[in-house]
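So the chains spell out like this:
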Amino acid sequence: MKLSAKAGILSLLSVFIYGTADSAVAKDVEKKAATKPVAKQSVEKKTNAKNSTDPWWKHAVIYEIYPRSFADADNNGMGDIKGITQKLDYLKDLGVDALWITPCFPSPQVDFGYDISDYCDIAPEYGTLADFDELVAEAKKRNIRIIMDLVMNHSSDKHKWFEESRSSRTNPKRNWFVWRDPKSGPLPKNSSGAEDPKSPPNNWQALFGHSAWQWDPKTNQYYYHFFYPEQPDLNWRNGQVKKAMNDVARFWLDRGVAGFRLDAINTLYEVPSLKDNPVKPGKNAYGDPNMDDKYNYLLLPEIKGTMRDLRKVLNNYQDNPVLLGETTAERIEQLIAAYGKNNDEIQLPMDFRFAYINKLSASEFRNKIAEIDENEVGGQPTYVFSNHDIVRHYNRYGDGKNNDQIAKLTAAILLTTRGTPVMYYGEELGMENRDPERKEDVKDPIGILGWPEQKGRDGCRTPMQWNAAKNAGFSTANPWLPVAHNYKTHNVELEDKDPASILSFYKQLLSVRKKNTALKYGKYVALNEDDEHVLSYLRKRGGAAALVACNMTDQPRKVTLDLSKSGITVSEAKVLMASYSAPDSISASSFTLPPYAVLIADVGKSAN
Ligand code: NOJ
């Protein structure tokens, strides 16, 4: 997928028509809840306002798993829940604290799980609710939490809510989705020059191509879909929808999940006037006119009440469940707004700006970090380099020659800045992208529609590279996507044995990050702010201080520091780790970094 501000696809708005609880939905959710979770960990509680310790997610590292591609326990070519359970020891050893699992609910899989036909079950191809309960319980034993993906914007067109909604204009679920009459005159002309009586209500386009309105001949109306036509948008102006979705959240919280990643939050609401979007010059990969989606893809205020209400649902559970938002924001103010004025909305709105920089520019990173680090509501920065929608950053940041070094550099930035980092499976190995070479091999529908300009997202969703055997040890069957080309050199088995590997570097980083007080709790202090080549900063708390220096260029760079301005008096820095063979200690005021090298050193009071 091409990178754009929409690439993370997402964020924010509300006018609620509070309805009564839909009893059928409530019963359905209750019935499934009665299947008794094996590991019921989160018990409803009264919020403990006196809890003065940081919530777990402030010091956690979140690891995104695309279940179809992570580990295949039943060897049918597709990953599954049991596969994830079998790999928990690997994840524990790696040092991550929570797993965000992308949707594994029953689904026709048009959008590989993001088209959900039952929010309260597990897709049979991935396992059962019992398998899921086992995963939660086994993860808990290892102090790893599970975060589910909550897809609130749309369901599948095969969800019974939509099937009921489309059955007649008078069905009680009709208003659960966004239905509209065709546009009334003057009408746009069709290709033969005649007025089209079935013109869509406005010119809005789906993110995944063509009109965002799908004609339904049975009831002679259009329904709205921001993504595929098989993903009809839920009508968030209907209070029953909110009630049903909050019940879905409770269903999973009762089963012991630690929170939700919120899919496509930007798109929950559309402006009620349905105004046409402004058309821009040129065409996109799908052959549609370029458009400024200002009326259906924007941070409308309504989302804020919706998020606050969802937070209240979470607040009734023990152990501080978290909301991790897919909060694509064009401007920093929009990202900051996602926390809520009182920090009572999304605790972790993902900051995709590292994913958009795409060049090793010390000043750009410095600016982006400063903008979010100093946010006025005290919101926790949540950095991301890669995910299942965008080209892996191993390729985006790599120069083709020094990719492994650069992968260590980006890892250091992700894991030593102040915040909650979100990793994507395989980045700890330096897994590379593998885009399809032929249209007939593409699985992601946007890659078929937009070929060759838009190749889809298959390239970043290839099977996890466990070893150098056939199919990278992912499955004995042909995997649903071919493995990436570098699996023979970049895989868990091999890298585990190599102290200089990317995997070993990540493990060391994750461990240092946990143990070092400054890296864990310290504030972020930018250093040498005019340096174009080396990104340097401190993490500092009390007498504890860690120095991080990243050479973002292909030349050796001398770093000269005056740490006394930050109250640091040590003359020698004790090297905690480095991506090159550094001595045990170096001068704290001057040292030289090899190309693309990273140094992390203790410069706290006790360093000398
Ligand atoms: C964002 C998800 O990350 C993406 O994979 C999905 O296609 C869309 N939302 C629609 O749910």
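What counts, and at which threshold
Residues numbered from 1 in each chain as written. Predicted model: local features only at pLDDT ≥ 70, side-chain atom pairs only at ≥ 80, totals over all residues. Heavy atoms only, no water. 1 Å grid on protein atoms, 1.4 Å probe; cavity = no way out; pocket = protein on both sides within 12 Å on 5 of 7 lines; lining within 4 Å. Points joined across faces, edges and corners; volume = space filled by probe spheres on them. Domains from an automatic or database assignment. Helix = DSSP H or I, 4+ residues; strand = E, 2+ residues; numbered from the N terminus. Expected span 1.5 Å × (residues − 1). Buried < 20%, exposed > 50% of the residue type's maximum accessible area, 1.4 Å probe, protein only. Pairing = 2+ DSSP bridges. Contact = heavy atoms within 4.5 Å. Axes fitted to C-alpha atoms, helices over the stretch in contact; angles between N-to-C directions.

Student: Just to check I follow, could you spell out empty space enclosed by the protein for this structure?
Tutor: Here the idea is plain: a probe the size of a water molecule rolls over the atoms and shows the empty space left. By volume, the second largest cavity amounts to about 50 Å³. S386, R392, H393, Y394, A407, E427, G430 and M431 together form the lining of the second largest cavity.

Student: Explain the domain arrangement of the protein chain here, please?
Tutor: When the parts of a complex come together, some accessible area is lost, and that lost area is often taken as the interface size. Taken domain by domain, the protein chain comprises domain 1 (60-157 + 240-266 + 301-504), domain 2 (158-235) and domain 3 (523-602). Summarising the inter-unit geometry, the C-alpha centres of domain 2 and domain 3 are found 57 Å apart.

Student: I keep staring at helix α16 (residues 502-515) and nothing clicks. Help me out?
Tutor: Between its first and last C-alpha, α16 extends 20 Å over 14 residues, near the 20 Å set by a 1.5 Å rise per residue. Taken across its 14 residues, α16 has 10 buried, putting it largely inside the fold. Of all the residues in α16, the buried ones are I502, L503, S504, F505, Y506, K507, L509, L510, V512 and R513.

Student: Which parts of the structure should I look at to understand the sheet that holds strand β7 (residues 259-262)?
Tutor: Strand pairing within a sheet occurs via backbone hydrogen bonds; the two strands may be parallel or antiparallel. With respect to topology, seven strands assemble into an open sheet ordered β11-β10-β7-β3-β2-β1-β12, the strand pairing being parallel. Looking at which strands have only one partner, the edges of the open sheet turn out to be β11 (348-349) and β12 (422-424). In terms of strand pairing, β7 meets strand β10 (residues 322-325) through four bridges, oriented parallel. From the neighbouring strand, G259 faces β10, where its bridge partner is V322. Running at roughly 145° to β10, helix α8 (residues 302-315) makes contact with β3 (145-150), β7 and β10 of the sheet.

Student: Quick question: what am I supposed to make of unusual backbone geometry here?
Tutor: Most peptide bonds take the trans configuration, and most residues that are not glycine carry a negative phi. Cis geometry is found at the peptide bond from W451 to P452, where omega equals 0°. With respect to the element layout, P452 can be found in the loop between α14 (445-449) and α15 (492-497). Of note in this structure, D319 is not a glycine but carries a positive phi near 70°. Here D319 lies in the loop between α8 and β10. What makes D319 partly exposed here is its relative accessible area of 40%. Residues other than glycine seldom take positive phi values, yet Y596 does so here, at roughly 50°. Residue Y596 is classed as buried on the basis of its relative accessible area of 8%.

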